[in-house]
Amino acid sequence: MNPIVEFCMSNLANGSHKTLETLEKDPNLDVLEYGCLSYCTACAESLYALVNGDMVKADTPQELTERIYQYIEDNPLF
């Protein structure tokens with residue numbers, strides 16, 4: 001089972017699309033896009049994604065990518 005990374009379409013428009021594009025190239029991740037994840041305050045304040053249901057936030061796409069991979073390393077599924 002691969003880690004699941006979920007993105008909100010509004011947050012993608014705010015800049016997290018670069019992270020999505022990077023993560024989609026990783027065959028060891030399941031990357032999903034939703035119209036809304038109902039985290040509107042977080043969405044307005046920073047870039048974010050849900051990783052296995054937990055929020056990971058950052059200020060830049062590169063930082064978000066790094067934090068997602070760090071979260072996955074620190075929280076293995078098995």
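Residues numbered from 1 in each chain as written. Predicted model: local features only at pLDDT ≥ 70, side-chain atom pairs only at ≥ 80, totals over all residues. Heavy atoms only, no water.

Chemist: Which residues make up the pairing of strand β3 (residues 47-51), and what values go with them?
Modeler: With respect to burial, β3 is a largely interior element, five of its five residues being buried. Burial along β3 is two-sided: the face carrying Leu-47, Ala-49 and Val-51 and the face carrying Tyr-48 and Leu-50 are both buried. Bridge count between strand β1 (residues 4-8) and β3: two bridges; the pairing is antiparallel. When the sheet's bridge partners are listed, Glu-6 is paired in β3 with Leu-50. When β3 meets strand β4 (residues 54-58), the two strands line up antiparallel, connected through five bridges. Bridging from a neighbouring strand, Val-51 pairs with Asp-54 of β4. (Buried < 20%, exposed > 50% of the residue type's maximum accessible area, 1.4 Å probe, protein only. Helix = DSSP H or I, 4+ residues; strand = E, 2+ residues; numbered from the N terminus. Pairing = 2+ DSSP bridges.)

Chemist: Please give an account of the nonpolar core that cites residues and values.
Modeler: In this structure, Val-5, Phe-7, Leu-23, Val-51, Leu-64 and Ile-68 are the most contacted members of the largest nonpolar core, which totals 16 residues. Of all the elements in the fold, those that place two or more residues in this core are β1, α1 (9-24), β3, β4 and α3 (61-74). If one sorts the elements of this core by residue count, α3 sits on top with four residues. If we skip the residues at most four places from it in the chain, Leu-23 touches Val-5, Phe-7, Leu-29, Val-31, Thr-65, Ile-68 and Tyr-69. Counting five residues, the second-largest nonpolar core is a separate cluster that includes Leu-37, Cys-43, Tyr-48 and Leu-50. (Core = buried A, V, L, I, M, F, W, Y, C linked by side-chain atoms within 4.5 Å. Contact = heavy atoms within 4.5 Å.)

Chemist: Describe in detail the packing of α1 against α3, supporting the description with residues and values.
Modeler: The N-to-C vectors of α1 and α3 enclose an angle of 45 degrees; their axes lie 8 Å apart at closest approach. With respect to their mutual orientation, α1 and α3 come out oblique. Crossing of α1 against α3: the hand is right-handed. Facing α1, whose interface residues are Gly-15, Ser-16, Lys-18, Thr-19, Thr-22 and Leu-23, α3 presents Pro-61, Leu-64, Thr-65, Ile-68 and Tyr-69. (Axes fitted to C-alpha atoms, helices over the stretch in contact; angles between N-to-C directions. Parallel < 35°, antiparallel > 145°, perpendicular 65-115°, else oblique. Left-handed = near helix turned anticlockwise from the far one by under 90°.)

Chemist: Quick rundown of the environment of Thr-19? Include the residues and the values.
Modeler: Looking at the secondary structure, you find Thr-19 in helix α1. Given the relative accessible area of 0%, Thr-19 is considered buried. Separated by 49 residues in the primary sequence, Thr-19 and Ile-68 place their C-alpha atoms 9.3 Å from one another. If sequence neighbours within four positions are ignored, Thr-19 has contacts with Phe-7, Pro-61, Leu-64, Thr-65 and Ile-68.

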